[in-house]
Amino acid sequence: MLTETVEKALNEQINKELFSAYLYLSMAADFESKNLSGFARWMRVQSQEELNHAMKLFDYVVERGGRVELMAIDKPQQTWESPLRAFQDAYDHEKFITQSIYGLLEIAQSAKDYGTMEFLQWYVKEQVEEEAQADRIVKKLEMIKDEPAGLFMLDRELGKRE
Ligand code: OFO
């Protein structure tokens, strides 16, 4: 059984994960419009991952006898001035999500909800990876700057993401 506070915080996290999916899909659409199909592919896969993150929380709330409450998803930004800007935003967003997971853990801890604390460990680990992968791409883009050949090569590399 979840406390009301933990249930509310889990539902808010579902909303944030769905927003993440929406944000990355919006980046994919922007990349598609600029013929950067590899960058777009990477963002589409990332968007799917975010849906999985949301559904894992959804299933957990159900498993604990809670009530999933879906809220409105904010409209994401539609365009970015460069791939570097987009990935910097993605990196910042992941740092924000990490803080949100930590906040959720603190709420679960205050409620002595050890089940939820244990469940959230998966997200703690996942966020380490999420931040690292966005940061790696930011660093590559910083090296490439506006050099078309480098951008083309990175586009090819990112397009291989399964
Ligand atoms: Fe769900 O990890 Fe990114 O946002």
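Structure shown above.
If you're wondering where the values come from, they're calculated on a predicted model, not measured in any experiment. The residue numbers shown here count from 1 along each chain, following its written sequence. In view of the model being predicted, local features appear only for residues whose pLDDT reaches at least 70, and side-chain atom pairs are presented and counted only at 80 or more, with totals across whole chains, interfaces and linings using the full set of residues. Each side-chain value is derived from all of the structure's non-hydrogen atoms; neither hydrogens nor water enter the calculation.

A. The overall build of the protein chain, seen in detail. For the purposes of this entry, the term helix denotes a DSSP run of H or I that reaches at least four residues, the term strand denotes a run of E that reaches at least two, and both are numbered from the N terminus. The helix and strand tally for the protein chain stands at 5 helices and 0 strands. Each helix and strand of the protein chain, ordered N terminal to C terminal, gives the series α-α-α-α-α. Any residue under 20% of the maximum accessible area for its type is buried, any over 50% is exposed, and the rest in between are partly exposed; the area is computed with a 1.4 Å probe on protein chains only. Evaluated residue by residue, the protein chain yields a buried proportion of 46% over its 162 residues. Of all intrachain contacts in the protein chain linking residues separated by at least 6 positions in sequence, the fraction that spans at least 24 positions is 80%. Only the protein chains shown count as cover for residues, and all accessible areas are computed by the Shrake-Rupley method using a 1.4 Å probe. Here the protein chain displays about 9300 Å² of accessible surface, and carbon together with sulfur accounts for 54% of that area. Taking the average location of the 20 positive side-chain charges in the protein chain and that of its 30 negative ones, the two points are 3 Å from each other. Note on contacts: a residue pair qualifies if any of its non-hydrogen atoms lie within 4.5 Å across the two residues. Under the convention used here, Asp and Glu are negative, Lys and Arg are positive, and both His and the chain ends fall outside the count. In plain terms, the charge of a residue is placed at NZ if it is Lys, CZ if Arg, CG if Asp and CD if Glu.

B. Structural view of the nonpolar core. One finds Met27, Phe31, Phe39, Met43 and Phe87 to be the most contacted residues of the largest nonpolar core, which totals 23 residues. For this core, the elements supplying multiple residues, two or more each, are helix 1 (4–33), helix 2 (37–63), helix 3 (83–110), helix 4 (114–144) and helix 5 (148–158). In terms of residues, this core owes the most to one element, helix 1, which gives 6 residues. In contact with Met27, not counting residues within four places along its chain, are Met43, Trp80, Ala86, Asp89 and Ala90. The nonpolar core is taken to be a set of buried Ala, Val, Leu, Ile, Met, Phe, Trp, Tyr and Cys residues, with the residues joined through side-chain atoms within 4.5 Å. With 20 residues, the next largest nonpolar core counts Ala9, Val61, Met117 and Tyr123 among its residues.

C. Structural view of the packing of aromatic side chains. By convention, a stacked pair of Phe, Tyr or Trp rings (six-membered ring in the case of Trp) has centres within 6.5 Å and planes under 30 degrees apart, an edge-to-face pair has planes over 60 apart, and any other such pair is tilted. Evaluation of the coordinates by the stated rule reveals 7 aromatic pairs. Relative to Phe39, the ring of Phe31 lies with its centre 5.2 Å away and its plane at 35°, an arrangement referred to as tilted. Judged by its relative accessible area of 2%, Phe31 falls in the buried class. When its relative accessible area of 0% is taken as the criterion, Phe39 is described as buried. An aromatic cluster of at least three residues, connected via ring pairs, comprises Phe31, Phe39, Trp42 and Phe87. Sitting over a ring, as applied to charges here, requires NZ of Lys or CZ of Arg to be within 6 Å of the ring centre and within 35 degrees of the ring normal. Directly above the aromatic system of Tyr91 lies the positively charged group of Lys95, at a separation of 4.2 Å from the ring centroid.

D. Highlighting the packing of helix 2 against helix 5. All axes here are fitted lines through C-alpha atoms, helices being fitted over the stretch that makes contact, and every angle between N-to-C directions spans 0 to 180 degrees. At a minimum axis separation of 7 Å, helix 2 and helix 5 run at an interaxial angle of 35°. By crossing handedness, the relation of helix 2 to helix 5 is classed as left-handed. Of the residues in helix 5, those in contact with Ser37, Gly38, Phe39, Arg41 and Trp42 of helix 2 are Leu151, Leu154, Asp155 and Leu158. If you view the pair so one helix is near and one far, a crossing is left-handed when the near helix is turned anticlockwise from the far one by less than a right angle, and right-handed when it is turned clockwise.

E. Geometry of the side chain of Ser47. With respect to the secondary-structure elements, Ser47 resides in helix 2. In this structure, Ser47 is in contact with Ala21, Tyr24 and Leu25, ignoring residues within four places of it in sequence.

F. Main features of the side chain of Asp113. Looking at the secondary structure, you find Asp113 in the loop between helix 3 and helix 4. You can call Asp113 buried: its relative accessible area is 7%. Discounting chain neighbours no more than four positions away, the residues touching Asp113 are Leu2, Val6, Tyr60, Arg64 and Ala108.

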